[in-house]
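Single-letter residue listing:
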Amino acid sequence: MGLEFHTSRLADAVNWARKFSLFQYPFVTACCGMEFMATAAPKYDIARFGAEFPRFSPRQADLLIIVGTITERQGPILLRIYEQMAEPKWVIAFGVCASTGGFYQNYSTMPGADQVIPVDVYIPGCPPRPEQVLDALIMLQERIQKGEGHSQKALRVEAQAHKAGQLKVLP
Amino acid sequence: MESSSKPLRRVVLGQPVPADLDDEPLPTEPMTINMGPSHPATHGTVRIVLLVDGEFVQDADVQVGFLHRCFEKESEHATYTQVFPYTDRLNYVSPMLNNVGYALAVEKLLGIDQQIPERAQYIRVIVGEMSRITDHLTCNGASAMELGAFTPFLYLMKAREWLYELLEEVSGARLTHSYVRIGGVAADLTAGFADKLRAILLKLREAVRDADALLTKNKIFRLRMDDVGTIDGKTAIAWGWTGPCLRSTGVAYDVRKDHPYLTYDRFDFEVPVGSRGDNFDRYAVRMEEIQQSAKILEQALDQIPAGPILLDDPQIVLPPKREVYNTIEGMINHFKLIIDGIRVPPGEIYSYTEGGNGELGFYIVSDGTGRPYKCRVRPPCFTIVQTLPVLIKGRQIADIVPTFGMLNMIGGECDR
Amino acid sequence: MLALERLKERFGPAVLHTASAHGNEMATVERARSKEILAFLRDDAETAFDFLSDLTAVDYVAYPPAGREPRFEVVYQLYSTSKQHRLRVKVGVPEDHAEVASVTELWPGAGWLEREVWDLYGIKFAGHPDLRRILMYDEFVGHPLRKDYPKEKRQPLVRRST
């Protein structure tokens with residue numbers, strides 16, 4: 001009890017705040033963008049979940065939603081956007097193209113955005129229904145609450161390495 | 001501080017500052033700045049490398065291809081029916097129009113385009129016009145949102161939802177329908193479709209009227225759209241423009257009127273034509289086209305006959321499942337059509353229809369097997385986006401946003 | 001049809017082959033005079049093809065039964081907004097000297113269409129002001145729509161290390 005209790009309760013509270021105020025960066029490339037617009041529209045209303053307003057700068061966002069096909073040409077750009085986001089950050093792969101490449105198996109389509117960046121939640125569908133998107137958002141929120149996002153885990157590992165004096169400062 | 005002996009000069013906002021305003025002018029040089037490929041105001045991914053002098057664009061290099069998903073190469077490895085899902089994802093805001101265009105091209109090669117059942121033709125027109133309405137709703141809504149008008153965007157999205165629900169009822173998918181087949185359509189209209197569509201058209205007209213009222217008389221919207229991105233008809237034709245963008249310049253070229261296909265010659269509708277060729281005319285042409293499409297839909301619902309929805313030809317159309325599961329002939333027929341594809345006699349065709357953005361052409365070369373040898377899409381927005389540097393040269397960076405929005409570049413179609 | 005007649009009467013032997021099928025008219029012309037012929041088709045008062053609808057190429061190396069010579073064919077789809085007629089002009093391009101005259105001077109809309117054919121088929125357009133790749137990235141090696149380029153041969157720019 002004591003410090004661990006306070007920090008774990010604090011971590012819970014902070015994660016609760018994070019999950020209900022996600023600032024999304026919709027990285028829209030293709031057809032899934034239409035369903036993303038529909039999810040943000042009044043009928044399915046992503047605003048109910050706190051993830052309403054898209055922040056169109058990666059530096060102000062913490063949820064990168066990869067909406068649509070990622071081609072090989074787009075790979076470096078996706079990586080750059082991901083690296084510009086501050087931690088903790090989460091990634092949703094919206095649609096089968098962003099998850100695995102979809103039904104495109106050719107010289108230009110990357111077989112999934114996770115070839116380049118770590119993805120927390122994958123949404124299948126071509127395009128997925130808005131209800132699937134909201135389901136995925138709730139799934140992500142549960143992961144955030146438990147601290148299981150890739151970025152959150154990486155931060156914990158880094159914090160422990162720092163405590164143990166093992167963290168090297170990059171030149 | 002001593003008072004200046006020079007009289008005060010007035011500087012007009014939006015115009016370049018006169019060079020003699022200061023005794024020592026500030027040194028300036030043009031700057032290369034990148035807009036995109038991930039940018040809120042670019043529909044889909046496009047990269048515009050701008051050479052700017054302050055706020056004014058001196059030159060622009062538009063780079064597309066960030067969504068190249070190899071439609072042609074995939075089509076060469078797929079049977080003719082397997083190409084339909086790829087066509088959905090071309091102009092993904094009006095997927096039915098792509099389906100219909102491709103089906104007509106293959107049917108012409110097969111020589112059966114005059115034998116498609118009438119009911120199927122009417123259904124194709126109906127779902128096609130519904131898709132055209134969703135295209136224009138999305139274009140105008142998203143462009144308005146980029147100028148800051150969030151409410152009309154929500155009104156038009158609300159209207160688009162009604163159409164999506166009805167299209168989902170008929171085809172099974174909200175967006176990527178793959179509903180049309182070679183020889184007809186995949187399934188018949190559901191019961192009560194006509195009444196539902198009529199009810200939707202009433203609500204749609206109201207929603208569009210509300211959104212339009214917020215925009216057309218809005219001073220800010222007009223200032224940003226009037227006389228911005230102007231082009232004249234002759235230049236537009238030389239650059240390969242078609243569709244609402246060309247019609248906004250005054251050239252009344254619409255494939256549905258000039259070279260009617262399906263049953264478009266039986267409907268009474270007008271082709272809205274602009275006069276100035278600026279952004280506002282493109283917006284107004286699209287809004288009016290929504291009304292005209294609604295008119296076509298009402299007439300189609302009145303005229304549609306009962307009858308079969310697929311051609312009765314075992315070489316082309318799958319047999320009904322009852323026969324496939326119960327007779328050997330049905331099963332073999334089904335097997336051959338799925339595995340080998342529909343055998344199209346060798347030849348080539350260029351077939352064109354009016355897509356959401358203009359003349360959507362399909363150039364198909366067939367070699368006698370069940371897979372196309374070449375299946376090329378003539379993308380209407382490819383040549384239109386090519387002209388963007390001409391439209392924005394000399395204008396401000398902020399003018400790029402409405403201009404690009406009104407050109408309606410759809411990544412899936414432009415990059416294929 | 002009118003455009004084909006005018007073409008044959010004016011250019012005679014340079015028009016190698018004409019055909020009419022499925023409602024389309026087409027003419028195969030000599031590569032050396034392709035630009036002259038297209039300019040005539042645009043400027044002549046009878047044909048008046050002021051609109052270049054599409055410009056693409058076809059790779060006939062795998063066409064059954066044994067391919068076709070010349071290997072490539074550049075295809076122009078022309079349309080006249082005033083007369084409302086269409087014509088397809090085809091120019092055969094051999095593999096070893098894959099070059100054809102650019103028509104960007106006649107129709108500026110051909111700019112990107114020719115870049116796309118260069119990018120995906122490797123056919124050069126002489127006189128094009130800015131011939132570089134458009135749909136693929138500069139680091140890409142090869143011309144993917146050629147029949148000998150495998151569909152699934154990726155050339156990734158970036159991959160995760162884990």
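Anything mentioned here points back to the structure above.
Values in this document were obtained by computation on a predicted structure and should not be read as measured data.

What counts, and at which threshold
- Residues numbered from 1 in each chain as written.
- Chains lettered and ligands numbered in written order.
- Predicted model: local features only at pLDDT ≥ 70, side-chain atom pairs only at ≥ 80, totals over all residues.
- Heavy atoms only, no water.
- Contact = heavy atoms within 4.5 Å.
- Buried area = accessible area lost by both parts, 1.4 Å probe.
- Salt bridge = Lys/Arg side-chain N within 4 Å of Asp/Glu carboxyl O.
- Polar contact = N/O pair within 3.5 Å; in protein donor to acceptor, adjacent residues only side chain to side chain.
- Nonpolar A, V, L, I, M, F, W, Y, C, P; charged D, E, K, R; others polar.
- Pairing = 2+ DSSP bridges.
- Helix = DSSP H or I, 4+ residues; strand = E, 2+ residues; numbered from the N terminus.
- Axes fitted to C-alpha atoms, helices over the stretch in contact; angles between N-to-C directions.
- Buried < 20%, exposed > 50% of the residue type's maximum accessible area, 1.4 Å probe, protein only.

### Here we look at the interface of chain B and chain C
- Every contact between the two is made by 44 residues of chain B and, on the other side, 46 residues of chain C.
- Between chain B and chain C the total buried area reaches about 3,800 Å² when both faces are included, carbon and sulfur atoms providing 54% of it.
- Where chain B meets chain C, there are nine salt bridges.
- For C:Glu116, the salt bridge is made with B:Arg416, and the minimal N-O distance between the two is 2.8 Å.
- Our count for the contact surface shared by chain B and chain C stands at 32 residue pairs in polar contact (both at pLDDT 80 or more).
- Among the residues making up the side of chain B that touches chain C, the classes are represented as 18 nonpolar, eleven polar and 15 charged.

### Quick look at the sheet that holds strand 2 (residues 24-29) of chain C
Residues and elements named next belong to chain C.
- As summarised here, the arrangement of the five strands in space is 1-2-5-4-3, forming an open sheet in which the pairing is mixed. Strand pairing shows two members of the sheet lacking a second neighbour, strand 1 (15-21) and strand 3 (51-59), which therefore form its edges. Taken over all neighbouring pairs, the strand axes of this sheet differ in orientation by 20° on average, direction set aside.
- As paired elements, strand 2 and strand 5 (residues 86-93) share four bridges and run parallel to each other. The residue of strand 5 that forms the bridge with Ala27 is Val89.
- Relative to the sheet, helix 1 (residues 2-11) contacts strand 1, strand 2 and strand 5, its axis offset from that of strand 1 by approximately 170°.
- Where helix 3 (residues 110-121) meets the sheet, it contacts strand 3 and strand 4 (72-79), and its direction lies at approximately 5° from that of strand 3.

### Quick word on the pairing of strand 8 (residues 374-378) of chain B
Residues and elements named next belong to chain B.
- Within strand 8, five of the five residues are buried, leaving the element largely enclosed by the surrounding structure.
- As defined by bridge partners, strand 7 (residues 359-366) adjoins strand 8 across five bridges and the pair is classed as antiparallel. Bridge pairing links Val365 to Lys374 in strand 8.

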